[in-house]
Amino acid sequence: MRRTTLPPLGLVLLLLLAPLAGAAAPPAARAPSGPPVQGRVLGSGGAPLAGAKVALLPYEGERERGERRLAGKTAPGPMAQAESGAEGGFTLAAPEAGFWTLRVEAAGHVAQERDLLPLVEAVELEAVELARDRPLAVEVVGADGQPVEGAWVEAAPAGGDRFRGLFGDPRKWRPAARLLRRAAPGPLSLPRGQAERLTVRAFAPGFREAQVEMAAARKTVTLTLAAAGPAVAFEARDAAGRPVAGALLLGGEGRWPLGLTAGDGRLRVPPPVAEGKEVHA
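Parameters and conventions
- Residues numbered from 1 in each chain as written.
- Predicted model: local features only at pLDDT ≥ 70, side-chain atom pairs only at ≥ 80, totals over all residues.
- Heavy atoms only, no water.
- Pairing = 2+ DSSP bridges.
- Helix = DSSP H or I, 4+ residues; strand = E, 2+ residues; numbered from the N terminus.
- Axes fitted to C-alpha atoms, helices over the stretch in contact; angles between N-to-C directions.
- Salt bridge = Lys/Arg side-chain N within 4 Å of Asp/Glu carboxyl O.
- Buried < 20%, exposed > 50% of the residue type's maximum accessible area, 1.4 Å probe, protein only.
- Phe/Tyr/Trp six-rings, centres within 6.5 Å; stacked < 30°, edge-to-face > 60°.
- Core = buried A, V, L, I, M, F, W, Y, C linked by side-chain atoms within 4.5 Å.
- Polar contact = N/O pair within 3.5 Å; in protein donor to acceptor, adjacent residues only side chain to side chain.
- Patch = residues over 30% accessible without salt bridge, like charges linked within 9 Å, V, L, I, M, F, W, Y side chains within 5 Å.
- Areas by Shrake-Rupley, 256 points an atom, 1.4 Å probe, with all protein chains shown as cover.
- Contact = heavy atoms within 4.5 Å.

Trainee: I'd like to hear about the sheet that holds strand E11 (residues 136-142), residue by residue, with values.
Mentor: Sheet architecture is open: three strands sit in the order E15-E11-E18, paired in mixed fashion. In this open sheet, the two edge strands, each paired with only one partner strand, are strand E15 (188-190) and strand E18 (220-225). Strand-to-strand, the axes of this sheet are offset by a mean angle of 30°, without reference to chain direction. Pairing geometry for E11 and E18, over six bridges, is parallel. Counterpart to Val138 in the pairing with E18 is Val221.

Trainee: Can you tell me about the pattern of salt bridges, naming the residues and giving the values?
Mentor: Inspection of every chain in the model, using the stated rule, returns 17 salt bridges. Close ionic contact of Glu67 with Arg63 constitutes a salt bridge, the shortest N to O distance being 2.8 Å. Here Arg63 and Glu67 lie together in helix H1 (residues 62-70), a separation of four residues that amounts to about one turn. You can call Glu67 partly exposed: its relative accessible area is 35%. Of the charged contacts in the structure, one is a salt bridge between Arg103 and Glu113, with a shortest N-O distance of 4.0 Å. Linking Arg103 in strand E7 (residues 98-105) with Glu113 in strand E8 (residues 112-119), this pair joins segments that are 10 residues apart in sequence. Residues participating in the shared-partner salt-bridge network are Arg103, Glu105, Glu113, Asp115 and Arg174.

Trainee: Outline the environment of Gly88, listing residues and values.
Mentor: Here Gly88 shows up in the loop between strand E5 (80-83) and strand E6 (89-93). Residues Gly88 and Ala52, spaced 36 residues apart in sequence, show a C-alpha to C-alpha distance of 7.8 Å.

Trainee: How would you summarise H1 if you had to cite specific residues and measurements?
Mentor: Taken residue by residue, H1 has Glu62, Arg63, Arg65, Gly66, Arg68 and Arg69 as its buried positions. In the stretch just after H1, Gly72 is the one whose phi turns positive, near 85°.

Trainee: Explain the packing of aromatic side chains residue by residue, including any values.
Mentor: If you walk through the whole model with that rule in mind, you get one aromatic pair. Considering the side-chain rings of Phe203 and Trp256, the 5.6 Å spacing of their centres and the 20° angle between planes classify their relative orientation as stacked. Placement of Phe203 in strand E16 (residues 198-203) and of Trp256 in strand E21 (residues 256-260) is noted, with a sequence separation of 53 residues between them. Overall, the relative accessible area of 4% leaves Phe203 in the buried class. What makes Trp256 buried here is its relative accessible area of 1%.

Trainee: Now, about the nonpolar core: what can you tell me, with residues and values included?
Mentor: Val41, Leu56, Leu102, Val104 and Leu116 are the most contacted members of the largest nonpolar core, which totals 22 residues. Take this core: its biggest share by element is three residues, from E7. Listed in part, the 18 residues of the second largest apolar core include Val140, Val153, Leu190 and Ala204.

Trainee: Kindly report on the sheet that holds E7, identifying the contributing residues and their values.
Mentor: Here five strands make up an open sheet; going across it, the order is E5-E4-E7-E8-E13 and the pairing antiparallel. Two strands close off the open sheet at either side, each with one partner strand: E5 and strand E13 (174-175). In this sheet, E5 lies alongside strand E4 (residues 53-58) in antiparallel orientation, the contact comprising four bridges. Bridging across to E5, Ala55 finds its partner in Gln81.

Trainee: Tell me what's going on with the side chain of Arg255, and back it up with residues and numbers.
Mentor: By secondary structure assignment, the location of Arg255 is in the loop between strand E20 (248-251) and E21. Owing to a relative accessible area of 16%, Arg255 belongs among the buried residues under this scheme. Only 2.5 Å separates the side chain of Arg255 from the side chain of Glu62, close enough to count as a polar contact.

Trainee: Tell me about a nonpolar patch on the surface, and please be specific about residues and values.
Mentor: A cluster of nonpolar side chains, contributed by Tyr59, Phe99 and Leu117, occupies part of the molecular surface with about 290 Å² of accessible area. Tracing the chain through its elements places Tyr59 in the loop between E4 and H1.

Trainee: Could you give an account of the environment of Ala233, naming the residues involved and the relevant values?
Mentor: Looking at the secondary structure, you find Ala233 in strand E19 (residues 232-235). Taking the C-alpha atoms as reference, Ala233 lies 4.2 Å from Arg268; in sequence the two are 35 residues apart. Dropping the residues within four chain positions of it, Ala233 is found in contact with Leu267 and Arg268.

The structure is reproduced here in structure tokens:
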């Protein structure tokens, strides 16, 4: 992983190199043979919640997350799934021991997740309580007021240590990552707790990132994306000065994936932030 700074733009970007040959990749779906995971799902107020969907997802690092977004996917595919019973209990087995993220969701509630780093033996988790959903309607438009097709919107609790859902102790339950992409007319509906304050960011290729802090009382918000400046050439090189192909370039506060460097180590894209503004990725 290498960070590069371009003084003319004051932009700090993150370059993530491809995994080394032979590095572990998310396992293909197969009959579970790994450690079992048990837990219990509660609704708002602490009553057992039946019918909640429980999914075991591959744990993603920055590189994996960025590549998924480049492919247009808002979430990784589940490797094991279960549903909570009448008393809210669930059991599922991992395909194998390793690094996983467990996600729990139910209609009308805000999803929760926690990491299992690593999962090497049977585990019984503390109960997870799902708050009632009070969705936030988000519209993303350009300077002309027209909707921006393909725009990404991401939200997280205001004041978190990290924006992408990595708050505090990864062994504890937290609000699941909220990432949506505009694919149809109309506003996007972001899940939100009853009294939850959110930081909401939006981005689309060819535009600058926009951000707003949302008070709990607000029900709607419109983010306006300004057009990005001219494309800028970026170049990735290793410690010996050789071009690095396949480096993932991330930009903006949301660490939006901008693309992969070509065989000559270069990538030409419009910067996602205004000139002169420093953004740490």
